[in-house]
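Given next are the chains, with one letter for each unit.
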Amino acid sequence: MTHLDDRTEPHSPLPEGASAQVATTDEIRIRTPEKVCGMGHPMKRKEDPRFIQGKGRYVDDVKLPGMLYMDIVRSPYAHAKIKKIDASAALAMDGVLAVITGEDLKAAGDLHWMPTLMSDTQMVLPIEKVAYYAQEICAVVATERYIAADAIEKVVVDYEPLEAVVDPHLALEDKVIVRDDKEKKTNHIWHWEAGDKAATDRVFAEAAHVIEQTMHIPRIHVSSIETCGMVANYSKVTEQMQIYMTSQAPHAHRTVFALVSGLPEQKIQIISPDIGGGFGGKVPVYPGYVCCAVASLVTGKPVKWIEDRSENLQADSFARDYHITAEMAADANGKITGLRVKTLADCGAADAAANPSKFPAGLYSICTGSYDMKAAHIAVDGVYTNKPPGGVAYRCSFRVTEAVHMIERMTDIMAHDLGEDPADFRLKNFIRPDQFPYKSPTGWEYDSGNYKAALDEAMKLIDYRALREEQAAKRERGELMGIGISSFTEVVGAGPSRDFDILGIKMFDSAEIRIHPTGKAIARFGTKSQGQGHETTYAQIVAEELGLPAADVQVEEGDTDTAPYGLGTYASRSTPTAGAAGAMAARKIKAKAKKIAAHLLEVGEEDLEWNVDKFQVKGSPDQAKTIQEIAFAAYTNHPQGMEAGLEATDYYDPPNLTFPFGSYICVVDIDSGTGEVHVRRFVAVDDCGNIINPLIVEGQIHGGLTQGLAPALFEEIVYDENGQNLTGTLADYLVPTAVESPKWETGRTITPSPHHPLGAKGVGESPTVGAPPAIVNAVVDAMWHLGVRHVEIPMTPQRIWAQLREHGVTD
Amino acid sequence: MSRHTIKLTVNGEAVEKEVESRLLLVHFVREVLDLTGTHIGCDTTSCGACTVLLDGRAVKSCTVFAAQADGRSVETIEALAADGTLHPLQEGFWEKHGLQCGYCTPGMILSAKHLLEKNPDPTEEEIRWGISGNLCRCTGYNKIVEAIRYAADKQRESTEEVSA
Amino acid sequence: MIPGSFDYHAPTSLDDALALLTEHGGDAKILAGGHSLIPAMRFRLAVPEVLVDIGRIPDLEYIREEDGHLAVGGMTREVALEDSDLVNAKYPLLADTARVIADPLVRNLATVGGNLAHADPANDHPATMLAYGASVVARGPNGSRTIAIDDFFVDLFESALESNEILTEIRIPTPPAHGGGAYLKMERKVGDYAVSAVAVQLVLDGGTVSSARIGLTNVNPVPMRAKNAEAELVGKAATDDVLEAAGRAAAGECDPSGDLRGSAEYKRDVTRILTKRAIRKAVERAKGGN
Ligand SMILES: Cc1cc2nc3c(=O)[nH]c(=O)nc-3n(C[C@H](O)[C@H](O)[C@H](O)COP(=O)(O)OP(=O)(O)OC[C@H]3O[C@@H](n4cnc5c(N)ncnc54)[C@H](O)[C@@H]3O)c2cc1C
Ligand code: FES
Ligand code: FES
């Protein structure tokens, strides 16, 4: 792979009007009546009837005649030479058809390695050595699931264990080389910088206050309740490869498969059926998928592979794992002036992060957050270790979670150090509404924002000042109560194609709308819902634009044979990109509809105006043609010389990203004996611009908040010094239940995006990004008076207990 | 390997099948009977995606052998709206947006069904404890709690109507 | 994760079950609620050749008071304890325990007999039964015998049961007037085994604790009684100092190992704290007449 030494961030100037100052409201904009159900209506989800009746169709529900099953033998070592794989006993079993090894893949055309999204390479099946625990060794294909499970027990692998390097700091010493297949014998992968180093150093030299803090954003896992899986169905007769796959990006996966396998792209169909949660974990191509497709190619039969949960937790892509050292500077008035950050990114055994290609550290340089400061400089180094590869954008727009955690912690520490109330300190340092469009010191241009409005609203909802009084009273009695704030800025909707691509494919997205003669429609998109409710949201967008009832718009995604090409759903990009494409395609249709209406009404186009669902003659609204009438005419009575039909396609390339934001306030009580943290209240005020479906938005926020709570208090992938995964099942990887998850309270402000056709920004990830630092800030706030400055996440009871005992608190 | 002929009632219908003794009930339901509304989310009895009612009690069907269900009755999500009308819980999950990806939903609904049979008027706290054997990664649980509350109210209304 | 193959038997009488167990010796395992055994089989940590399902033997599920004790049938499900008015009214320590075992779905199948027979120091009933001074009835080919709970837990995952014995009943002495008990468990989340948990059953005589038994969960290789802690408590009024001394004693006499739930030091300290809190709660209940 290329070493991205000394890269700086690659933004180029924005087109005019991509950002602007816009007003903030708290009113959801509704412009269509309920029967149309356009934007702003809390429409019940159109996809739900099948799910609540057990009729969803997930990959494991696909059953094809003659289907075989695949299971995978995995490494018990994190680093070992493979001396021999003896599959003879497995092959001798009744019902076992094939065992696929790295040698077999090599013989099939060097398929034993595959490219990653970050232009690194990753082993599919190893030949010489394994580089992480639970790595795929070989795949067994059998007539039944249970026989395949028996057969993997019979494969004998002779390993020579090697020393493993687990700590990325130690990896930099290059004593153990993870990737000896590379020319350069080093674990260091890349170095990346953003911002202005000289200017930042100057700001620090002049600062009145400087703080420094190290923090680790630990390895976590998306742990969607459905694991990954595939049914591959290759026909030796037609040479067609049909694939059902848990894929958040079916089109991109089809292209990758075509490039890697050499099969012609038109012969590959990828169907991403209902997906049981994705959160970024179903973006990468895992070795299991490749083996499953090869197994079908080899046998000419359908082959199913469904991961076990433990395989999913142990070998699939992780998220986060950033080791951060941050410094913040402030002037004598308590104004933040600069930020200087060094970060080590633990990439595991391959750089298989799911970032846009030019961004090895994703959008991490958004880390100046909601605060106006003079200068910032960020340096990140990627390093190999003997752990599974990954770095997925787990409900996060490419490393924004890490960025927000850091800036919100630093801001809080600075406020406490200066003896200022953390809310007041934030209010003082926010980028002001009149500064938008705001150019950040690391080169981003924030489209719109009103950070004060969101924090004011959160403080009002939770009665912040009263809580501070309660806290003071409790402190007198020795009780530990803390209040934490996080006022985050997100950056989503990748993205503008001048900067954003994945393996060279620009990060646009697409929509295709066809209106049928009876005025009903089908709309297809290049994205793929995994629970976000696209079938409803997109229908509402079409309804908003064309006045067709959302109920009459059938939305389809996920089948590469029918849907237009798109980059898929992750990083909150669906509404900003495909949603916008839907609006733009609808507008193309509307332009044609206007011509047809003019023809039908025998007036000029300039004499017509749009009214919810019809074109009417200006001044005489009785003379009108509804969109349904126009649709019928498009097939029966369209103007001479005009093409029949009413349909359009749009590939939308956003002019800029969108910058959702919010302010969260969390109240915790700490048990000074056991160190347990109880989240008593949590208020989340989100601003995601215009809202398409408030019910869905609220659901997304609740879900994201629980996924933010989880890493703050419970979840971490833990390895021992040999690289063994100690949290490889759901018994030890602690996904919160309804009991641990508090009753979330939500509020909103609305500051539309000036450049998005609908003024929407994308919301799915803000809470996952914004919640963890609010909780940490609350916990530290509860103990600051004791001398506690920082607590690493997950804030397990033992970690809190250790701090309490260290600072003299006992029970 | 021993095989057994098991006879049981599934969603009100008598079923007789020969199965391997180690066949898990969840695989029996999904793969032998093709009732794929019951899901699998883990291998440690942790997630509850596989919840079915066994003799009316909510259990994790990944931790029961099909042979153990011989002679008993099994109810899966597919039974709930068999007559074409949604069960109040299904209605509640739809009305209150109690699902996103839908993967945990059948298990949640069946857990909630058993919960409401034992406790027709649960508090928020009781609902949260009642579904604590079922993991949902998408919803953050607020709206699942609301959905179950909705069903509780609806069921109590209809029993009051009947008794009135 | 799929279990290995085995022969399955579902006898409908204790005698048939015992005959099967005797016939197959060490190759056979009893299947009760299956919620310890089946998870282990799925990871092939247990690969029994024969399973004897005791779920179809009649009359092993009951909760009743007789002869000064509570008799709980070996196949009684956790949910039955949770729902029992008798248990909730007179055996709050047992009610506390049942409620914090695993999650509601698991409790619908998991059995009390299996929980004890599995002899897992992480399970919750062992500590509770130690605190109650319960006894266990085991039925073998030659009839029944009663095993005092203090003699029941032999080693990690090893009980005093022979491989051809079935635990048919647990007997819990009915607490006297002014008896009280409590179970306090710290878990990382619902469904988790304890970081540490403490079971206390005591009797008050006026202001002093006249007798007390304390059991500890998951802080020792074998389920254990905290006898030193008991000694600190008995004959004294439950003052803060006495509670602290008892807590320290419990922390000192257990032998936890460090793992993801915490370091040994942490678990000892949690044991100290939970011991104090559980005693306090038990005393309150004793005063209230439980
Ligand atoms: C997700 C999960 C979480 C859990 N959390 C907890 C927890 O927090 N606390 C807790 O205490 N437990 C917990 N458990 C364990 C659960 O309570 C088990 O069910 C229990 O330990 C064993 O009971 P069983 O009836 O399921 O026994 P089985 O699994 O059927 O049997 C367990 C062992 O005991 C033997 N056995 C069973 N019954 C008898 C008998 N009558 N006579 C002789 N031998 C017998 C079996 O042969 C086997 O070796 C959890 C289980 C799961 C799956
Ligand atoms: S599949 Fe997770 S509990 Fe059954
Ligand atoms: S809705 Fe996706 S797991 Fe619950």
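Residues numbered from 1 in each chain as written. Chains lettered and ligands numbered in written order. Predicted model: local features only at pLDDT ≥ 70, side-chain atom pairs only at ≥ 80, totals over all residues. Heavy atoms only, no water.

Is there a simple way to think about the interface of chain C and chain B in this case?
By a widespread convention, an interface's size corresponds to the accessible area lost as its parts come together. Taken together, the contact between chain C and chain B spans 34 residues of the former and 36 residues of the latter. Summing both sides of the interface, chain C and chain B together bury roughly 2,800 Å²; the carbon and sulfur share of this comes to 58%. Taken together, the connections running from chain C to chain B amount to 2 salt bridges. For the pair chain C and chain B, the interface holds 16 residue pairs in polar contact (both at pLDDT 80 or more). If you list the elements that add at least two residues to the side of chain C that touches chain B, you get strand S1 (7-9), helix H2 (37-42), strand S3 (50-53), helix H3 (78-83) and helix H6 (104-107) of chain C. Per-element accounting of the side of chain C that touches chain B gives the leading share, 4 residues, to H2 of chain C. Across the side of chain C that touches chain B, the residue classes tally to 18 nonpolar, 6 polar and 10 charged. (Contact = heavy atoms within 4.5 Å. Buried area = accessible area lost by both parts, 1.4 Å probe. Salt bridge = Lys/Arg side-chain N within 4 Å of Asp/Glu carboxyl O. Polar contact = N/O pair within 3.5 Å; in protein donor to acceptor, adjacent residues only side chain to side chain. Helix = DSSP H or I, 4+ residues; strand = E, 2+ residues; numbered from the N terminus. Nonpolar A, V, L, I, M, F, W, Y, C, P; charged D, E, K, R; others polar.)

Any chance you could explain the packing of aromatic side chains here in plain terms?
Two numbers describe a pair of aromatic rings. These are the distance of the centres and the angle of the planes. Scanning the model with the defined rule gives 24 aromatic pairs over all chains in all. Ring geometry for Tyr58 of chain A against Tyr103 of chain B: centres 4.9 Å apart, planes inclined by 90°, an arrangement best described as edge-to-face. Of the two residues, Tyr58 of chain A is situated in the loop between helix H1 (48-52) and strand S1 (68-74) and Tyr103 of chain B in the loop between helix H2 (88-95) and helix H3 (105-118); the pairing between them involves two chains. For the pair Tyr58 of chain A and Tyr103 of chain B, one class covers both residues: buried. Counting every residue linked through ring pairs, the aromatic cluster contains Tyr371, Phe430, Phe436, Tyr451 and Phe661 of chain A. (Phe/Tyr/Trp six-rings, centres within 6.5 Å; stacked < 30°, edge-to-face > 60°. Buried < 20%, exposed > 50% of the residue type's maximum accessible area, 1.4 Å probe, protein only.)

Teacher, can you tell me more about the sheet that holds strand S12 (residues 194-205) of chain C here?
For sheets, the rule is that strands pair by backbone hydrogen bonds, running either parallel or antiparallel. All names here are of chain C. Sheet architecture is open: 4 strands sit in the order S11-S12-S13-S14, paired in antiparallel fashion. Taken across any chain shown, the strands that pair with only one partner, and hence form the sheet edges, are strand S11 (179-187) and strand S14 (224-225). Here strand S13 (residues 208-217) runs beside S14; their pairing, made up of 2 bridges, is antiparallel. Paired with Gly215 across the strands is Arg225, a residue of S14. (Pairing = 2+ DSSP bridges.)

Help me understand the domain arrangement of chain B in this model?
Residues and elements named next belong to chain B. Splitting chain B by domain gives domain 1 (3-79) and domain 2 (88-163). With 18 residues of domain 1 in contact, the opposing surface of domain 2 contributes 14 residues. Its largest share of buried area at the contact with domain 2, domain 1 owes to His39, Thr51 and Ile77, together 37% of the area lost on that side. Counting the contacts that link domain 1 with domain 2 gives 1 salt bridge. The salt bridge involving Lys113 is made with Glu75; its shortest N-O contact spans 3.0 Å. If you look at where domain 1 meets domain 2, you find 8 residue pairs in polar contact (both at pLDDT 80 or more). Residue composition of the side of domain 1 that touches domain 2, by class: 7 nonpolar, 8 polar and 3 charged. (Domains from an automatic or database assignment.)

Any chance you could explain the pairing of strand S12 (residues 241-245) of chain A here in plain terms?
On a regular strand, each side chain points to the face opposite its neighbour's, so the side chains alternate between the two faces of the sheet. Residue and element names in this part refer to chain A. Burial analysis of S12 places 4 of its 5 residues in the buried class, the great majority of the element. Of the strand pairs in this sheet, strand S11 (residues 229-234) and S12 are connected by 5 bridges, and their pairing is antiparallel. Within S12, the position partnered with Met230 by the bridge is Met245. What sits between S11 and S12 in their antiparallel hairpin is a turn of 6 residues, with Glu239 showing a positive phi close to 60°. The sheet contact formed by S12 and strand S13 (residues 268-271) spans 4 bridges and is parallel. Considered in S13, the bridge of Met241 is made with Ile268. Handedness of the S12-helix H7 (residues 250-261)-S13 crossover: right-handed. (Right-handed = clockwise from strand over helix to strand, strands pointing away.)

How do you make sense of the environment of Pro767 of chain A when you look at a structure like this?
Residue and element names in this part refer to chain A. Among the secondary structure elements, Pro767 is positioned in helix H18 (residues 766-783). C-alpha of Pro767 to C-alpha of Ala631: the two residues are 136 residues apart in sequence and 41 Å apart in space. Dropping the residues within four chain positions of it, Pro767 is found in contact with Tyr664, Gln700, Ile701, Gly704, Leu705, Gly708 and Pro772.

I would appreciate a short explanation of the site of ligand 1 in the present structure.
Residues and elements named next belong to chain C. The environment of ligand 1 is made up of 31 residues, and the closest members are Ile30, Gly34, His35, Thr111 and Asp124. Side-chain polar atom of Asp124 to a nitrogen atom of ligand 1: 2.6 Å apart, as the coordinates give it. Separating a nitrogen atom of ligand 1 from a side-chain N or O atom of Tyr193 is a distance of 3.1 Å. Relative to its unbound accessible surface of 950 Å², ligand 1 loses 95% to contact with the protein. (Near = heavy atom within 4 Å. Areas by Shrake-Rupley, 256 points an atom, 1.4 Å probe, with all protein chains shown as cover.)

Just checking my understanding: could you explain unusual backbone geometry for this structure?
Residues other than glycine predominantly adopt negative phi, and peptide bonds predominantly adopt the trans conformation. Residues and elements named next belong to chain A. Each neighbour pair has its own omega, and for Phe436 with Pro437 the value is -5°, a cis peptide bond. Position of Pro437 among the secondary structure elements: in the loop between helix H11 (422-429) and strand S18 (438-439). In the segment running from Ile793 into Pro794, the intervening peptide bond is cis, with an omega of -10°. Despite not being glycine, Asp174 has its phi angle at roughly 60°, a positive value. Secondary-structure assignment places Asp174 in the loop between helix H5 (168-171) and strand S9 (188-195). Of note, the phi angle at Arg399 is positive, near 75°, even though the residue is not glycine. By the secondary structure assignment, Arg399 is in the loop between strand S17 (375-384) and helix H10 (400-417).

Just checking my understanding: could you explain the packing of helix H5 (residues 92-100) of chain C against helix H8 (residues 125-132) of chain C for this structure?
Residues and elements named next belong to chain C. Relative orientation of the contacting elements H5 and H8 amounts to 175°, with a least axis distance of 10 Å. When the interaxial angle is binned, H5 and H8 end up roughly antiparallel. Contacts between H5 and H8 involve Pro92, Leu93, Leu94 and Thr97 from the former and His125, Thr128, Met129, Ala131 and Tyr132 from the latter. Within the contact of H5 with H8, the residues separate by chemical class into 6 nonpolar, 3 polar and no charged. (Axes fitted to C-alpha atoms, helices over the stretch in contact; angles between N-to-C directions. Parallel < 35°, antiparallel > 145°, perpendicular 65-115°, else oblique.)

Is there a simple way to explain the interface of chain B and chain A in this structure?
Between chain B and chain A, the residue contacts involve 50 residues of the former and 58 residues of the latter. Approximately 4,500 Å² of surface area, both sides summed, lies buried where chain B meets chain A, with 55% of it carried by carbon and sulfur atoms. Of all residues in chain B, Trp94, Gln100 and Arg137 of chain B give up the largest surface area on contact with chain A, accounting jointly for 19% of the area buried on that side. Where chain B meets chain A, there are 9 salt bridges. Here chain B and chain A share 32 residue pairs in polar contact (both at pLDDT 80 or more) between them. Of all elements in the fold, only helix H1 (25-32), H2, H3, helix H4 (124-130) and helix H5 (142-163) of chain B reach the threshold of two or more residues within the side of chain B that touches chain A. Sort the elements by how many residues they give to the side of chain B that touches chain A and H2 of chain B lands first, with 4 residues. Taken together, the residues that form the side of chain B that touches chain A break down as 22 nonpolar, 16 polar and 12 charged.

Could you clarify how one ought to interpret the side chain of His534 of chain A in this entry?
Residues and elements named next belong to chain A. Locating His534 in the fold gives a position in helix H14 (residues 534-546). Here His534 falls in the buried class, since its relative accessible area comes to 5%. Those residues in contact with His534 that sit more than four places away from it in its chain are Glu47, Thr527, Lys528, Ser529, Ala539, Val555, Glu557, Thr569 and Ser574.

Looking at this structure, I do not really get the nonpolar core. What am I missing?
Nonpolar side chains tend toward joint burial in soluble globular proteins. By size, the foremost hydrophobic cluster in this structure holds 137 residues, and its most contacted members are Tyr364, Met406 and Phe682 of chain A. Looking at this core element by element, the count peaks at 10 residues for H18 of chain A. In this structure Met406 of chain A touches Met215, Ile324, Ala326, Leu339, Val341, Tyr364 and Cys367 of chain A, once residues within four positions along its chain are discounted. Counting residues in each nonpolar core, the second largest holds 51 residues, with Val166 of chain A together with Cys42, Cys104 and Met108 of chain B among its members. (Core = buried A, V, L, I, M, F, W, Y, C linked by side-chain atoms within 4.5 Å.)

What should I look at first to understand the sheet that holds S3 of chain C in this one?
All names here are of chain C. Read across the sheet, 3 strands follow the order S1-S3-S2 without closing on themselves; strand pairing throughout is parallel. Unpaired on one side and paired on the other, S1 and strand S2 (28-31) mark the two borders of the sheet. Ignoring strand direction, the axes of neighbouring strands in this sheet form an average angle of 25°. Both S1 and S3 contribute to a ladder of 3 bridges, which runs parallel. Bridging from a neighbouring strand, His9 pairs with Val52 of S3. On the sheet, helix H1 (residues 14-24) packs against S1, S2 and S3 and is oriented at approximately 165° with respect to S3.

Looking at this structure, how should I read the pairing of strand S3 (residues 96-100) of chain A?
Residues and elements named next belong to chain A. Of all 5 residues making up S3, 4 are buried, and the element is well covered by its neighbours. With 4 bridges connecting them, S3 and strand S7 (residues 136-142) associate as antiparallel partners. Bridge pairing in S7 links Val96 to Ala142.

What is the right way to look at the environment of Pro660 of chain A in this model?
Positionally, Pro660 of chain A belongs in the loop between strand S29 (647-652) and strand S30 (661-670). Those residues in contact with Pro660 of chain A, other than ones at most four positions away along the chain, are Thr489, Glu490, Val491, Val492, Asp687, Cys688, Lys761, Gly762 and Ser766 of chain A.

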